[in-house]
Amino acid sequence: MNRISQLCLVICGVAVAVLLAGIVRQEAALWQPAAVILAVSFALGIKAIPLLRPYQYTAWIIVAVVAGMVYPAAFTKWGDFDLRNKWLILFVVQLVMFGMGIQMSIRDFSGLGSTGKGVLIGLLCHFSVMPLMGLLLTKVFHFEPEIAAGIILIGSCSSGLASNVMVYLARANMVLSVVVTAMATLVAPFLTPLLLKLLAGTLIEIKFVNMMMEIIKIVIVPIFAALLHDYLKTASPRGRRTVWGLAFLSIAWLAALGLGGLWRFFETSIGSPEALQMLEVLGFLAAALVVGVVYHQVAKGYPKLDAIMPYLSMFGIIYFTAVTTAAGRDNLLRVGFLLFLTSVIHNAAGYFFGYWFSRLARLDKNSARTVAFEVGLQNGGMASGLAGSMGKLGTVGLPAAVFSPWMNISGSILANYWRRHAVPAEGQTAPDLPVVEAIAEGQLNR
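Residues numbered from 1 in each chain as written. Predicted model: local features only at pLDDT ≥ 70, side-chain atom pairs only at ≥ 80, totals over all residues. Heavy atoms only, no water.

S.K.: Just to check I follow, could you spell out the overall build of the chain for this structure?
M.R.: Scanning the chain for helices and strands turns up 18 helices and two strands. Since a compact globule built from 446 residues should have a radius of gyration of about 22 Å, the 22 Å found for the chain is in line with a globular shape. The principal-axis extent of the C-alpha atoms belonging to the chain is close to 65 × 60 × 50 Å. Looking at the chain residue by residue over its 446 residues, the buried ones come to 54%. Restricting to contacts in the chain with at least 6 residues of sequence separation, those with at least 24 account for 81%. For the chain, the accessible area works out to roughly 19,800 Å², and carbon and sulfur atoms hold 69% of it. With 31 positive and 20 negative side-chain charges, the chain shows a separation of 6 Å between the mean positions of the two kinds. (Helix = DSSP H or I, 4+ residues; strand = E, 2+ residues; numbered from the N terminus. Rg over C-alpha atoms; globule rule 2.2 N^0.38 Å. Buried < 20%, exposed > 50% of the residue type's maximum accessible area, 1.4 Å probe, protein only. Contact = heavy atoms within 4.5 Å. Areas by Shrake-Rupley, 256 points an atom, 1.4 Å probe, with all protein chains shown as cover. Lys, Arg positive; Asp, Glu negative; His and termini not counted. Charge placed at Lys NZ, Arg CZ, Asp CG, Glu CD.)

S.K.: Can you walk me through the environment of Val402 in this structure?
M.R.: Tracing the chain through its elements places Val402 in helix H17 (residues 398-420). Look at Val402 and you get buried, because its relative accessible area is 13%. Beyond its immediate sequence surroundings of up to four residues, Val402 is in contact with Leu332, Leu339, Phe340 and Ser343.

S.K.: Just to check I follow, could you spell out helix H4 (residues 86-102) for this structure?
M.R.: An α-helical turn contains 3.6 residues, so any two residues separated by three or four positions project in the same direction. Over its 17 residues, H4 extends 24 Å from the first C-alpha to the last, a length consistent with the 24 Å expected when each residue adds 1.5 Å. Within H4, 12 of the 17 residues are buried, leaving the element largely enclosed by the surrounding structure. All of the buried residues in H4 are Ile89, Leu90, Val92, Val93, Gln94, Val96, Met97, Phe98, Gly99, Met100, Gly101 and Ile102. You can read the cap of H4 off the contacts: a side-chain oxygen lies 2.8 Å from the backbone nitrogen of Trp87, and it is on Asn85. (Expected span 1.5 Å × (residues − 1). Polar contact = N/O pair within 3.5 Å; in protein donor to acceptor, adjacent residues only side chain to side chain.)

S.K.: Hey, could you run me through the nonpolar core in this one?
M.R.: Note on soluble globular proteins: their nonpolar side chains tend to be buried together. Counting 91 residues, the largest nonpolar core has Phe143, Val219, Phe320, Leu339 and Phe373 as its most contacted members. In contact with Phe143, other than residues within four places in its own chain, are Leu137, Thr138, Ala148, Ile151, Val335, Leu338, Leu339 and Thr342. Phe127, Met130, Val175 and Leu363 belong to the second largest nonpolar core, which has 17 residues in total. (Core = buried A, V, L, I, M, F, W, Y, C linked by side-chain atoms within 4.5 Å.)

S.K.: What is the right way to read the pattern of salt bridges from this model?
M.R.: Side chains that differ in charge, positive against negative, can pair when their charged atoms come close. Enumeration according to the criterion identifies seven salt bridges in this entry. Across the salt bridge formed by Asp306 and Lys233, the nearest N and O atoms sit 3.4 Å from each other. On the criterion of sequence distance, the pair formed by Asp306 in helix H13 (residues 305-327) and Lys233 in helix H9 (residues 208-234) is long-range, its members being 73 residues apart. Here Asp306 falls in the buried class, since its relative accessible area comes to 15%. The salt bridge partner of Arg329 is Asp330, with a shortest N-O separation of 3.8 Å. Its relative accessible area of 57% is what places Asp330 among the exposed residues. (Salt bridge = Lys/Arg side-chain N within 4 Å of Asp/Glu carboxyl O.)

S.K.: Which parts of the structure should I look at to understand the packing of H4 against helix H12 (residues 273-301)?
M.R.: Each packed pair of helices is defined by two parameters, the angle between the axes and the distance between the axes. Running from amino to carboxyl end, H4 crosses H12 at an angle of 50 degrees, the nearest separation of the two axes being 13 Å. With respect to H12, the element H4 is oriented oblique. For the pair H4 and H12, the sense of crossing is right-handed. Between H4 and H12, the contacting residues are Trp87, Leu90, Gln94, Phe98 and Ile102 on the first element and Glu280, Phe284 and Tyr295 on the second. (Axes fitted to C-alpha atoms, helices over the stretch in contact; angles between N-to-C directions. Parallel < 35°, antiparallel > 145°, perpendicular 65-115°, else oblique. Left-handed = near helix turned anticlockwise from the far one by under 90°.)

S.K.: Got a minute to help me understand the side chain of Ser158 in this structure?
M.R.: By the element assignment, Ser158 lies in the loop between helix H6 (145-156) and helix H7 (161-170). Taking the relative accessible area as the measure of exposure, Ser158 reaches 0% and is therefore buried. In this structure Ser158 touches His126, Phe127, Ala184, Thr185, Ala188, Leu377, Gln378, Asn379 and Met382, once residues within four positions along its chain are discounted.

S.K.: Just to check I follow, could you spell out the packing of aromatic side chains for this structure?
M.R.: Each aromatic ring pair is characterised by the separation of its centres together with the angle its planes make. Enumeration according to the criterion identifies 12 aromatic pairs in this entry. Considering the side-chain rings of Phe340 and Trp406, the 5.6 Å spacing of their centres and the 80 degrees angle between planes classify their relative orientation as edge-to-face. Placement of the pair is Phe340 in helix H14 (residues 329-360) and Trp406 in helix H17, with a sequence separation of 66 residues. We classify Phe340 as partly exposed; its relative accessible area is 37%. An angle of 35 degrees between the planes, with centres 5.5 Å apart, marks the rings of Phe353 and Phe357 as tilted. Of this pair, Phe353 and Phe357 both sit in helix H14, four residues apart, roughly one helical turn. (Phe/Tyr/Trp six-rings, centres within 6.5 Å; stacked < 30°, edge-to-face > 60°.)

S.K.: Just checking my understanding: could you explain unusual backbone geometry for this structure?
M.R.: The phi torsion of most residues other than glycine is negative, and most of the peptide bonds are trans. The phi angle at Arg171 is positive, at roughly 60 degrees, despite the residue not being glycine. As for its placement among the helices and strands, Arg171 is situated in the loop between H7 and helix H8 (174-200). Take Arg171: its relative accessible area is 48%, and that puts it in the partly exposed class. With a phi close to 70 degrees, Arg362 is a non-glycine residue in the positive phi region. Relative to the elements of secondary structure, Arg362 occurs in the loop between H14 and helix H15 (365-376).

S.K.: Would you explain the side chain of Ser41 in this entry?
M.R.: As for its placement among the helices and strands, Ser41 is situated in helix H2 (residues 28-45). In this structure the side chain of Ser41 is engaged in a polar contact, spanning 3.1 Å, whose partner is the backbone oxygen of Leu38.

S.K.: What should I look at first to understand the environment of Ser159 in this one?
M.R.: Following the sequence through the fold, Ser159 ends up in the loop between H6 and H7. According to the relative accessible area criterion, Ser159 is buried, its value standing at 1%. When the C-alpha positions of Ser159 and Asn85 are compared, they lie 25 Å apart, and in sequence the two are 74 residues distant. Apart from residues lying up to four places away in sequence, Ser159 is in contact with Met100, His126, Thr181, Ala184, Thr185, Glu374, Leu377 and Asn379. Engagement of the side chain of Ser159 in a polar contact is seen with the side chain of Glu374, the distance being 2.8 Å.

Structural measurements only, silent on function.
Shown next as structure tokens:
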């Protein structure tokens, strides 16, 4: 494997020479494939460089960005099929969230009693510092309305598994990290659309109930399926029978909606779009219950499936990064540098205020470091999913495509710095998160 990585680095060097030659000679047929080969060979060869090994996954995100920029047509449509289709984006983002949910456990919420103060500070900082900083930066740099709304959107989203990975690398308070991530995910369906309505309501049309329902579909539904799988691992025989009974009822309900024409009846007899949305969400929750039960049965036969899911999530993130980049290529060429600068400032503000507000509240250093990651790292998948549901992937979704790679890089740098300057833990017991440990080398950002 090391020889293959070294060979990829050699190819990388050749690709650099071809890229430069193509740029100098202004031959797109030369520099465009060279750019993609350079990105791919570097992502494959990075394993041979110990200092850069923690950034392997970030390198693949960069591959997606480069490919989307160089060959946008390849990542927007395949024949008559639109890769930006909102249902496809929804499915991919749900896959990402399901992979995140597999690493969560119902037991994670038991840490709320011992970490209540830290959780409260983490949530307050996350849902105040980041959206307000996003709003400030849109005023400073004068982005067009939809891109500005996208910056505020990603600042208003919850944290994700990336923060757990960074906290693990930094040897900070893992219990606090997991609980803050779980609680931020649960309150996001209400707080994210509320913040977006308050801060970006003049930039784009925000339908509060619609967005709340979309977040439930994007985040809560797949995590519900994952937590149901976790529950079934230790459920009593009576509990399993109850779940199976609900699963069969859900199948009957879904069959009635789809095959029995019940959904068409609701569409014609119910005049309220909000009521129809609630029925749609109930259908998604019923499907999640079925998926959770089926997944649990499959995982019993293939115990390694739980460890594979985060990597499927990574593939999902690469997919919508490439599609978002391709969809917003023209906008990215115009405001890409300002967006990157915005991501650096926004991310740094999250780390800074998350850490120092925690210290002012007299949290210990490890807990303050944890809150810094929970505040500074946003759920890019959620932001992309919401932008896709609006049909604005190339504008509102563009900041997520730029912010996510940088969050990965900066989080890795900070985590490794704090790891080298670790402070003694104060009675913290880390939860059992074997897959977080396994992917810590690969840096996962959701």
